[in-house]
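Per-entry structural report
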Amino acid sequence: MHSDHIEHIGVIKEVSFNNIAVSVEEPCQCEGCSIAIVCMGKSENEADIINVPRPRGAERDSFRPGDRVKLEAAPGSKLKASLWAFILPTVILLAAVLLLQSYLPDLNGLLTAAIAAGAVAVYELILYLFRKDLAMSVNWQIRHC
């Protein structure tokens, strides 16, 4: 996996009506990946499984459990993940500080920082609660190896 291109090789574990569950063969290096927050949508003890929407058309029925496949994330997925993981929390933090300083100028600086950090914590909690929905927002392309 390089910085501008995200791909995984895996084996199809399950094929349902709308999704294909792919077990990634090598351990994912999610710690340094920019789309990790929206990619997997899993907890720590779940296996490295990526759910991909089934393709439309003629190749729809060509995927079977046990097939080796390559998954590639669409280029826009990194930008979307950066927005969710880095840009929005920064905007929330800055907006909270500016609003608190504007409307409550007598508020202690430490209390302002704590309230702004709390606003970001609430955002992160919401992000965590909707992690599975966010994981489905990554556009994966699936191909046979």
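Values in this document were obtained by computation on a predicted structure and should not be read as measured data. (Residues numbered from 1 in each chain as written. Predicted model: local features only at pLDDT ≥ 70, side-chain atom pairs only at ≥ 80, totals over all residues. Heavy atoms only, no water.)

Thoughts on a nonpolar patch on the surface
On the surface, Val122, Leu125, Ile126, Tyr128, Leu129 and Phe130 cluster together into a nonpolar patch covering about 610 Å² of accessible area. Mapped onto the elements of the fold, Leu125 is located in helix α3 (residues 109-129). On the accessibility criterion, Leu125 (48% relative accessible area) is partly exposed. (Patch = residues over 30% accessible without salt bridge, like charges linked within 9 Å, V, L, I, M, F, W, Y side chains within 5 Å. Areas by Shrake-Rupley, 256 points an atom, 1.4 Å probe, with all protein chains shown as cover. Salt bridge = Lys/Arg side-chain N within 4 Å of Asp/Glu carboxyl O. Helix = DSSP H or I, 4+ residues; strand = E, 2+ residues; numbered from the N terminus. Buried < 20%, exposed > 50% of the residue type's maximum accessible area, 1.4 Å probe, protein only.)

A few points about the pairing of strand β1 (residues 7-15)
Where β1 meets strand β4 (residues 68-73), five bridges bridge the pair, whose relative direction is antiparallel. What sits directly across from Ile9, in β4, is Lys70. As paired elements, β1 and strand β2 (residues 19-24) share five bridges and run antiparallel to each other. Considered in β2, the bridge of Val11 is made with Ser23. Here β1 folds back onto β2 in antiparallel fashion, the turn holding three residues. (Pairing = 2+ DSSP bridges.)

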